[in-house]
Structures are given as structure tokens and as C-alpha cells.
Amino acid sequence: MLYRVIDAHELPGLVQAFMRDYEVIAPVRSGKSFAFEAVSSFDDIVLDYPTTLTSLKKYYLPPRETLFEYDMADGVTDYRMEVRPRVLFGAHACDINAINALNLVFEDPRYPDPYYEAHKKATMIVGISCMPGDSCFCHLLDAGEVRSGYDLFLADIGGRYLVSIGSVEGADILEAACDPREATDEDRRAFRDYTRRRQRAFNEEIPSVQEIPMLMDAFHSDDFWEELGSRCLNCTACSSVCPTCYCFDIRDVLDPSGETGRRERVWDACTSPQFALVTGGHNFRPGTRERVRHRMYHKLNGFNAKHGRYLCVGCGRCVKACKADISPIEVLKFFEQKGIEDGDRDAD
Amino acid sequence: MDEQKNIPRVVLVGLASCFGCQINITNVEAHLMEVLGQVDMRYWQLTSSEPMPDAFDVAVVEGAVTTEDAAETLRRVREKARAVITIGACAATAGIPGMAAAAYEGRAAQVYGSAVPAIIDDIACRPRPVSDVIAVDYEVPCCPIDPYDFVRVLQKALYGANPYERTSTLCGECKRNERGCFYGRGIMCLGLVTRQGCGARCPDLGRPCNGCGGVSVDANVEGARRVAQRSGIDPARFDKALEMFNQVPREVQR
């Protein structure tokens, strides 16, 4: 990995350099929270944001996307997507890890997704370091650091940034816009101080649990899931804000004329009551117990089995979005409690 | 079906309502003639002078059932229609007329005092949604309906698509609009229990949901009351707000 250092006052120039050829998406203030939006000025960007209300997945998997268009007279027309080259500027490690997880799904060589590919090819990523908020637990799910999947990653080491270079394109823009220099021992010490400070800042009330996938299997039938499910409001806010929930539905939308229409892909959610409803009327997950459990299983167990990593990156968005306090943190707390109870029993 | 032209015959019946949903259909403006071109519009209560004909394929019903006469009309409609579509909150949940459903026996006296006209007892009945009287195939929810939503559902009925609609509640759509939550600001919003489908457009415009889409069959009302309470809102206030469009209990709605 190649590292360089730039001064903080060079950052506006870097953003400006991107703006010449790219749409710049960056964190901005939005009401009481923050959102990723297209920006036209460096001054609109809030780089020390805690987290955004929703994630970056909308730039790879839009909530609603046309797959093709049809016409009763002319048949099917392949949809030509207008993809603007863009840069996601200021993505946190968890969110880049989330996109890396989506890549595993949509770039599966057996079933590559051309729509996703088109978005991905046109998208650059500039990451930024962060300090954890109360509901952050990325470090517990191997998502606190990111080693690939970005073009540049900026670590704030006080008045300057240690820039990790992840691609030739990223390096080119950095070279052209800034005056990057070699990292000194002092820079490296500052970086180490930052990582220690960050590590200590995580909310210690969120328990660190070993062997989570195994525990998911061990407690598959525990009453815990009934209790957790009973709180669910069936609203699907969790999956709307989740950076890795990628399930979708496909529907045909007829124009008012009845002559033309589109086939669309729209976000779906396994917490939606109809998600596992099949032809004939059977629902494989008819209750909130099954649906909430299924979602947690995919995040903390099922995806691991297939791809060797968690599908939850601990970004904490669902912790805030769920009005019923259902989140992976509750699952971690449950496992911790079970561990304490078992420990007590062994001691008796 | 009109045998010659092979065009489905449609009637539009208005029961107890403000007729706003019927009017809102005309708000597809640019596409109105295209839509009318796909049907043989035999009767539209708002615009027709002649009585409803005896033969038709698809019936669109607006409004709640507040008289035995209306219930009888519905039964007649059901006998003849291949598909029945309800439009608007009044038809789906009894809506605004449904607000009179609780303590219904005393309502006439509240209005007329001791001089309740005899005809009231003869014709009026406790407000009910259409589905309480006849089987409904398709539903266009909300007060008023979205005219494009109406066209979408009408086409389902015309061309024989699955009536399947999602029953998740509104917050998921609200989050897709990237909106924060009213409860975070201590403001009550009925989106917690209201069926999705409208795109959470009121919250997107800065107004809390008032439940016109109807309480979802999969709503967790008890859970929603707990959310309200935790945000400093008396659950009784939550229940009261629900009465505007969801007075008639859900088990009756089904």
C-alpha cells in the first residue's frame, strides 16, 4: 500500500479537481442528521460527520431502477442507462466495507449484474477516517478498517492527511491537485495516535462477542427471537437504511396509456411481510419472529458461510432507524448474557 | 365485456364520501383520454344523469356504507362485476364517515336532539367499509387517492394482474426518502402503523402521517403505542388520532 501526506488546506483543491470530471457526492447536513448528496462547493461538505441517515448503496443499487422498456407495438427495448462518472467523497471505512460486500454479490462471475457493474465502473471512492458514535460497532464485525475498495483514503492526523492510495486513477488526481509528500516518522506517529484514540472511543456497552456465526446456530430456537420479533413494527426501515441490504423485487409498470411500460427493480426487504410469500399463498416466514431472525441470520451467519465475512458492517444506522430497538447490538447483548448465564451455571 | 369492441365496461359508484376521489381521477389530466380509451365507461356517478346500467365488468366504488340502501347497491354490484375496486379511505376503512361508528346509537340524537326524524332509523346504519359488505378485489387507498395509483390498479383489474400489495408500514418508505423521524422531535406520526404505498409523501413534505392509507393488517399497534410513549406522547393521543381514518376496528375492516 502506498502512502502520501497532504496538508489540510489542499483538500478543497482535491475536491475541485474531482469536480472537473466527476459528480461529487459527499456528506452534507440534512435536518438533524447528515446525508450523502451531490455537492457543488467544498464548503457544503461536512467531513467530520458522525454517520449519515442512509447509506451509499443508492449509488450502486438505486431504490428504483428501470431494467428495460416495452412497447405493445415494438416489443422490448434494452434500457440504456445514463451513468454519470461520480466520486463518493468522504466515505467511512464501514461504508466502503459495505460496498465491498455488495460487490461479492453483484459481481459474482456466475451472475454478474450489468446494471450494478455500470454504476460501479463509473464510481470512484475517497474514504475518510472517523471517530465512532454511540451506536457504532464496526470494529466488532471486522469492518472498522478497510484495506481495499477505495481510490484514496484520507486519515486525519491533525492539520494534514495520511492518504492511502488505492488506484492509479486516484493517484493521478492526487498528484495533479495536491503536492503529496512522503510520510515522515512524525506522520506515522500521529497516525498511530489517531488509531489508538479511535479504538478507545468505541461504545464499551456494545459487547465484543467471539464466534458469532456459531452462536447464531446454537441459539436458533431460543425464545429471544420471539421477544425480539414481537417488537417489530413491520416497517422495513432497517433495510432501507442498511448499507448492505441488497434484496430487490422486480415489477412491471404500465404507463397510463396501457401501450408502453417499464420493468423496474425496486428495493425489497426480508422484514416485509410479503417477502417470502410464494404463488399459491404460502408464506415461508409468516411472522415477525421468523422475519427478524432471518435478517439477523443473513447478516451474522448466512453471508459468512458463503462469502467469509459478515454482511453487517456495524454502521449503526438501523440502531437509530428502528423505533422498536431491534438491531444486531441486541443480538450481541443476548449472546453476552447467555455467556454469563452459562458461566454462572458452570461455576455452580 | 362489450362483444363488438372487446372493451371492459366500467361503472363508478359513489357512496358516503366527499366525492373528492372521483374528482381526483380527472387529475391524471394529460392521460385522462388515454385511460378512458381503455374502458367503456358506462356510468360515473359524478357525471352521469342516467341510472347505473345492469351490465358491466368492472365496478369502482367510492365511499363508506352508511345506509342499508348502499349495502343493497353493493350486493347488486358484486353480483354483476367481474372485479370490484374500492377507491379512497372512506371505502377502505369507512374513513371520515366511519368516525361516527363508535357510540353510533347516540349519534342522531347528538345532531337532532329529541326530534330525530323517523327516516333516520329507517335508512341509516352504522358506517362500514365496503369490504364489510362485499368481497373487494382491489383497493386504492388514501384520502384522497393518487390518480396515478388509481390508473395502475384499474389496469390490474382490466388486464387481470395479481391484486397483491405490500402490507409493511410507512417508515420504510420514509427512510427511502431519507427523512429523519418525527418521533425524534417529539412529534406524533401515524406512519408507524399505516400501510405503505403512498411513498410517505406527507412526511416527505414535512407533515406527519395521519393514517389515511389505513392501519396495515400487519401493524403492531401496541408496539407503536410504546414508541409514542417513549417519545413523550400519551398513547391515548395516538389512539385518538387513529380514529380519524381508522375508527372502525381492523377485524371489521377485513
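Treat the numbers as computed from the prediction; the structure is a model and nothing was measured.

With that settled, consider the overall build of chain A. Helices and strands together make up the secondary structure of chain A, namely 11 helices and 11 strands. Compactness check: chain A gives a C-alpha radius of gyration of 22 Å against a globular reference of 20 Å for 348 residues, within 12% of the reference. Along the longest, intermediate and shortest principal axes, the C-alpha atoms of chain A span 80 × 65 × 40 Å. A buried classification covers 39% of the 348 residues belonging to chain A. For chain A, the share of sequence-separated contacts (at least 6 apart) that also reach a separation of at least 24 residues comes to 72%.

Scanning chain B from N- to C-terminus turns up 12 helices and 7 strands. The C-alpha radius of gyration computed for chain B amounts to 19 Å, which stays within 12% of the reference 18 Å derived for 254 residues, consistent with globular compactness. Overall, chain B is about 60 × 50 × 30 Å in size when its C-alpha atoms are taken along their principal axes. Looking at chain B as a whole, 47% of its 254 residues are labelled buried. The long-range share in chain B, meaning contacts at least 24 apart out of those at least 6 apart in sequence, stands at 76%.

Residue and element names in this part refer to chain A. Taken together, the buried positions of helix α1 (residues 11–21) are occupied by Leu-11, Leu-14, Val-15 and Phe-18. Looking down the long axis of α1, one finds its buried residues gathered within 95° of arc, a one-sided arrangement. Check the buried side of α1 and you find it contacts β2 (23–30), β6 (86–91) and α4 (168–177).

This paragraph deals with the domain arrangement of chain A. Residues and elements named next belong to chain A. According to the domain assignment, chain A consists of domain 1 (2–61 + 79–201) and domain 2 (212–347). When each unit is reduced to the centre of its C-alpha atoms, the spacing between domain 1 and domain 2 is 27 Å. Taken together, the contact between domain 1 and domain 2 spans 24 residues of the former and 19 residues of the latter. For the side of domain 1 that touches domain 2, the residue count by class is 15 nonpolar, 6 polar and 3 charged.

Turning our eyes to something else, we now look at the domain arrangement of chain B. Interface size is often expressed as the accessible area that is lost when the parts come together. Residue and element names in this part refer to chain B. For chain B, the assigned domains are domain 1 (9–159) and domain 2 (171–253). A separation of 25 Å is found between the C-alpha centroids of domain 1 and domain 2. Facing 18 residues of domain 1, the contacting portion of domain 2 comprises 14 residues. Those elements that provide at least two residues to the side of domain 1 that touches domain 2 are α4 (89–93) and β6 (124–128). Across the side of domain 1 that touches domain 2, the residue classes break down as 11 nonpolar, 4 polar and 3 charged.

Per-chain confidence: chain B averages 93 in pLDDT, with 96% of residues scoring 70 or above. ipTM for the predicted complex: 0.93, alongside a pTM of 0.94.

Residue and element names in this part refer to chain A. Read across the sheet, 7 strands follow the order β1-β9-β8-β7-β6-β2-β3 without closing on themselves; strand pairing throughout is mixed. Taken across any chain shown, the strands that pair with only one partner, and hence form the sheet edges, are β1 (2–7) and β3 (33–39). Neighbour to neighbour, the strand axes of the sheet diverge by 25° on average, direction disregarded. With 3 bridges connecting them, β2 and β6 associate as parallel partners. Among the inter-strand pairings, Val-24 is bridged to a residue of β6, identified as Val-87.

Between chain A and chain B, the contact holds 28 residues from the first and 29 residues from the second. Breaking the side of chain A that touches chain B down by element, the ones donating at least two residues are β3 and α8 (237–241) of chain A. Sort the elements by how many residues they give to the side of chain A that touches chain B and α8 of chain A lands first, with 3 residues. Its residues placed into classes, the side of chain A that touches chain B shows 15 nonpolar, 10 polar and 3 charged.

Definitions and limits used
Residues numbered from 1 in each chain as written. Chains lettered and ligands numbered in written order. Predicted model: local features only at pLDDT ≥ 70, side-chain atom pairs only at ≥ 80, totals over all residues. Helix = DSSP H or I, 4+ residues; strand = E, 2+ residues; numbered from the N terminus. Rg over C-alpha atoms; globule rule 2.2 N^0.38 Å. Buried ≥ 20, exposed ≤ 12 C-beta atoms within 10 Å, placed from the backbone. Contact = placed C-beta atoms within 7 Å. Arc of directions from axis to C-beta. Domains from an automatic or database assignment. Nonpolar A, V, L, I, M, F, W, Y, C, P; charged D, E, K, R; others polar. pLDDT = per-residue confidence, 0-100. Pairing = 2+ DSSP bridges. Axes fitted to C-alpha atoms, helices over the stretch in contact; angles between N-to-C directions.

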